[in-house]
Amino acid sequence: MAQVLMDQASGLRDAFSRQQCISRVKSYQNRIRKAISNNRISDASMLLTQLEIAQQQLEATYK
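Residues numbered from 1 in each chain as written. Predicted model: local features only at pLDDT ≥ 70, side-chain atom pairs only at ≥ 80, totals over all residues. Heavy atoms only, no water.

## What about the overall build of the chain?
Helices and strands together make up the secondary structure of the chain, namely two helices and zero strands. Whereas a compact globule of 63 residues would reach a radius of gyration of roughly 11 Å, the chain reaches 16 Å, over 25% beyond that. Considered along the principal axes of its C-alpha atoms, the chain spans approximately 55 × 15 × 10 Å. Of all 63 residues assigned to the chain, the portion counted as buried reaches 17%. Here the analysis covers contacts within the chain between residues at least 6 apart in sequence; of these, 55% occur between residues at least 24 apart. Looking at the chain as shown, the accessible area adds up to about 4900 Å², and 55% of this sits on carbon and sulfur atoms. Of the side-chain charges in the chain, 9 are positive and 5 negative, and the distance between the mean point of each set is 8 Å. (Helix = DSSP H or I, 4+ residues; strand = E, 2+ residues; numbered from the N terminus. Rg over C-alpha atoms; globule rule 2.2 N^0.38 Å. Buried < 20%, exposed > 50% of the residue type's maximum accessible area, 1.4 Å probe, protein only. Contact = heavy atoms within 4.5 Å. Areas by Shrake-Rupley, 256 points an atom, 1.4 Å probe, with all protein chains shown as cover. Lys, Arg positive; Asp, Glu negative; His and termini not counted. Charge placed at Lys NZ, Arg CZ, Asp CG, Glu CD.)

Set out below in C-alpha coordinates:
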(Lines give C-alpha, C1' and ligand atoms only; values in the text may rest on other atoms or scores of the structure.)
Protein backbone atom coordinates (compact mmCIF):
# COMPACT_ATOMS: atom_id res chain seq x y z
CA MET A 1 0.00 0.00 0.00
CA ALA A 2 2.79 2.42 0.90
CA GLN A 3 4.48 1.80 -2.46
CA VAL A 4 1.23 2.56 -4.29
CA LEU A 5 0.90 5.85 -2.44
CA MET A 6 4.51 6.75 -3.20
CA ASP A 7 3.97 5.94 -6.89
CA GLN A 8 0.84 8.09 -6.96
CA ALA A 9 2.63 10.97 -5.26
CA SER A 10 5.50 10.71 -7.71
CA GLY A 11 3.06 10.68 -10.61
CA LEU A 12 1.32 13.79 -9.30
CA ARG A 13 4.65 15.60 -8.86
CA ASP A 14 5.60 14.70 -12.42
CA ALA A 15 2.25 15.88 -13.79
CA PHE A 16 2.46 19.14 -11.85
CA SER A 17 6.02 19.74 -12.99
CA ARG A 18 5.04 19.03 -16.60
CA GLN A 19 2.12 21.46 -16.37
CA GLN A 20 4.41 24.18 -15.00
CA CYS A 21 6.82 23.62 -17.89
CA ILE A 22 4.00 23.80 -20.43
CA SER A 23 2.81 27.08 -18.91
CA ARG A 24 6.35 28.47 -19.01
CA VAL A 25 6.76 27.54 -22.69
CA LYS A 26 3.43 29.15 -23.60
CA SER A 27 4.36 32.28 -21.67
CA TYR A 28 7.66 32.63 -23.51
CA GLN A 29 5.93 32.06 -26.85
CA ASN A 30 3.46 34.86 -26.12
CA ARG A 31 6.20 37.20 -24.91
CA ILE A 32 8.21 36.51 -28.08
CA ARG A 33 5.21 37.31 -30.29
CA LYS A 34 4.67 40.60 -28.44
CA ALA A 35 8.35 41.53 -28.64
CA ILE A 36 8.44 40.87 -32.38
CA SER A 37 5.21 42.77 -33.02
CA ASN A 38 6.65 45.73 -31.09
CA ASN A 39 9.93 45.50 -33.02
CA ARG A 40 11.92 44.70 -29.87
CA ILE A 41 14.33 42.33 -31.60
CA SER A 42 16.93 42.20 -28.81
CA ASP A 43 14.20 41.23 -26.32
CA ALA A 44 12.92 38.57 -28.71
CA SER A 45 16.41 37.12 -29.08
CA MET A 46 16.83 36.82 -25.32
CA LEU A 47 13.36 35.31 -24.97
CA LEU A 48 14.09 32.76 -27.70
CA THR A 49 17.08 31.55 -25.68
CA GLN A 50 14.89 31.25 -22.58
CA LEU A 51 12.22 29.45 -24.60
CA GLU A 52 14.76 26.88 -25.76
CA ILE A 53 15.73 26.16 -22.15
CA ALA A 54 12.07 25.90 -21.12
CA GLN A 55 11.39 23.48 -23.98
CA GLN A 56 14.32 21.30 -22.93
CA GLN A 57 13.00 21.25 -19.37
CA LEU A 58 9.58 20.23 -20.70
CA GLU A 59 11.09 17.45 -22.79
CA ALA A 60 12.90 16.16 -19.71
CA THR A 61 9.57 15.62 -17.96
CA TYR A 62 8.64 13.02 -20.58
CA LYS A 63 11.71 10.83 -20.06
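## Details of the pattern of salt bridges
All chains considered together, the criterion is met by one salt bridge. Residues Asp-43 and Arg-40 are paired through a salt bridge, measuring 2.8 Å at the closest nitrogen-oxygen approach. According to the relative accessible area criterion, Asp-43 is partly exposed, its value standing at 29%. Using a relative accessible area of 35% as the deciding quantity, one classes Arg-40 as partly exposed. (Salt bridge = Lys/Arg side-chain N within 4 Å of Asp/Glu carboxyl O.)

## Concerning the environment of Asn-30
Take Asn-30: it is sitting in helix 1 (residues 2-37). Residues Asn-30 and Leu-47 lie 17 residues apart in sequence; the distance between their C-alpha atoms is 10.0 Å.

## Description of unusual backbone geometry
Positive phi, close to 60°, is recorded for Asn-39, a residue that is not glycine. Assignment of secondary structure puts Asn-39 in the loop between helix 1 and helix 2 (41-60).

## Describing the nonpolar core
One finds Cys-21, Val-25, Tyr-28, Ile-32, Ala-35, Ala-44, Leu-47, Leu-51, Ala-54 and Leu-58 forming the largest nonpolar core, which totals ten residues. Taken together, the elements giving at least two residues each to this core come down to helix 1 and helix 2. Ignoring anything within four residues of it in the chain, the contact list for Ala-35 reads Arg-40, Asp-43, Ala-44 and Leu-47. (Core = buried A, V, L, I, M, F, W, Y, C linked by side-chain atoms within 4.5 Å.)

## As for the side chain of Thr-61
Its location among the elements puts Thr-61 in the segment after helix 2. Ignoring sequence-local partners within four residues, the contact set of Thr-61 consists of Ser-17, Arg-18 and Cys-21.

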